[in-house]
Amino acid sequence: MYYYAKEGKTARFTEKLLQLLFPMGTYCVICGSLIDSLRPYSICDNCMKALNKGNIYIDLEEEAASADLMSHLDSASSCLVYGLHSKKLVFDLKYNKRTYLSRPISMIMADRIINDESLRPLIDSLDLIVPVPLHKSRLRKRGFNQAALISSDLARRLSPLRDGPGILSVPDCLIRDRITVSQRSVSGSERNLNLENAFRVAPRRKKLTENSVILLVDDILTTGSTADHCARALKDAGAGEVHFISLATGNYHLKGCERRRDDESFISHPPSSDHKPE
């Protein structure tokens, strides 16, 4: 069953309404197998076993020493090691336009934050949740920013768990001024140059950003360059702290989880022709 990480009548009503409009819990959202309503995140037992889960974080000191990246982030965490199953989940959301998948993804992220003692304090300290932005041409073509969908749902899940005002999801906080080539296609020394001045804080959001504790959200973390340049733009605009979380990561300096290959018997479906570097 797909469920909320919060309690209360309003939460239960909201979840029932979402389930009515966007039903889940009949088929596994990864492999499509028939499941019962008790499966967390609407993922079958076999796919859950194949997912490489853990309290994953990126060792920022190692990353900085190795590639001089991610120096503007205060922390970087993830939920899964990138593999065939997590790839299928992300690609179906982004390229097959199954936007309802932002819900189980945000649920996985929420549980990661709630159940990790090192991350749970963020629930009370966070001011804003900000997605990594798409360039306007990419956004226009795709019709949505998957990170923004995840961020919005994540804010709704975490806000009831804190005292005081809720956490704001601000999808228009960051602007991506130009399309960049894939970070995988450039050398380490060229990565920062590739993303130089690619991001900035929207003028109307600068006051909101000042002195804020921000959680930056994306679906996948690879080299960390994109996250770092987004964090730099936020801190240049006055942000106090910038933390990062993604569903999956293939970063070389990940800790907190055994690095292993995903289940090779899983047959993933290729992404559509819209699959281009972001």
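Quick note: structure is the one above.
Parameters at a glance
- Residues numbered from 1 in each chain as written.
- Predicted model: local features only at pLDDT ≥ 70, side-chain atom pairs only at ≥ 80, totals over all residues.
- Heavy atoms only, no water.
- Helix = DSSP H or I, 4+ residues; strand = E, 2+ residues; numbered from the N terminus.
- Buried < 20%, exposed > 50% of the residue type's maximum accessible area, 1.4 Å probe, protein only.
- Contact = heavy atoms within 4.5 Å.
- Areas by Shrake-Rupley, 256 points an atom, 1.4 Å probe, with all protein chains shown as cover.
- Salt bridge = Lys/Arg side-chain N within 4 Å of Asp/Glu carboxyl O.
- Pairing = 2+ DSSP bridges.
- Core = buried A, V, L, I, M, F, W, Y, C linked by side-chain atoms within 4.5 Å.
- 1 Å grid on protein atoms, 1.4 Å probe; cavity = no way out; pocket = protein on both sides within 12 Å on 5 of 7 lines; lining within 4 Å.
- Points joined across faces, edges and corners; volume = space filled by probe spheres on them.
- Nonpolar A, V, L, I, M, F, W, Y, C, P; charged D, E, K, R; others polar.

*Asks:* Whenever I open this one, the overall build of the protein chain confuses me. Can you help?
*Replies:* If you tally the helices and strands in the protein chain, you get 11 helices and nine strands. Looking at the protein chain as a whole, 53% of its 278 residues qualify as buried. Relative to all contacts within the protein chain whose residues are 6 or more apart in sequence, the contacts with residues 24 or more apart total 76%. Accessible area for the protein chain stands at about 13200 Å²; split by element, carbon and sulfur atoms hold 52% of it.

*Asks:* Help me understand the pattern of salt bridges in this model?
*Replies:* Should the charged atoms of two oppositely charged side chains come close, the side chains can pair. For the structure shown, the criterion picks out 13 salt bridges. With a closest N to O distance of 3.1 Å, Asp45 and Arg39 form a salt bridge. Assessed through its relative accessible area of 44%, Asp45 is described here as partly exposed. For Arg156, the salt bridge identified is with Asp153, shortest N-O distance 2.2 Å.

*Asks:* Help me understand the sheet that holds strand E1 (residues 53-58), please; the structure alone is not making it clear to me.
*Replies:* In spatial order, the strands read E4-E3-E7-E8-E2-E1-E9; together these seven strands make up an open sheet with mixed pairing. The sheet terminates laterally at strand E4 (168-169) and strand E9 (254-255), the two strands that pair on one side only. As paired elements, strand E2 (residues 75-81) and strand E8 (residues 241-249) share six bridges and run parallel to each other. Each residue of the ladder has a partner; that of Ala76, found in E8, is Phe244.

*Asks:* Sorry, what's going on with the nonpolar core here?
*Replies:* Membership of the largest hydrophobic core comes to 43 residues, with the highest contact counts inside it found for Ile43, Met109 and Leu158. Of all the elements in the fold, those that place two or more residues in this core are helix H2 (45-50), E2, helix H4 (84-94), helix H5 (102-115), helix H6 (122-125), helix H8 (146-158), strand E7 (213-221) and E8. With seven residues, the top contributor of residues to this core is H5. Sequence-distant contacts of Leu158, defined by excluding residues within four places in its chain, comprise Ala110, Ile113, Ile114, Ile123, Ile129 and Ile167. Judged by nonpolar contacts, the second largest core, of 32 residues, contains Met70, Leu195, Ala233 and Phe244.

*Asks:* Hey, could you run me through empty space enclosed by the protein in this one?
*Replies:* Space left empty within the atom packing is revealed by a probe, the size of a water molecule, rolled over the atoms. This model, assessed by the stated rule, comprises two cavities of 30 Å³ or more. Per-element tally for the lining of the second largest cavity: the top contributor is E8, with three residues. Across the lining of the second largest cavity, the residue classes tally to six nonpolar, three polar and no charged.

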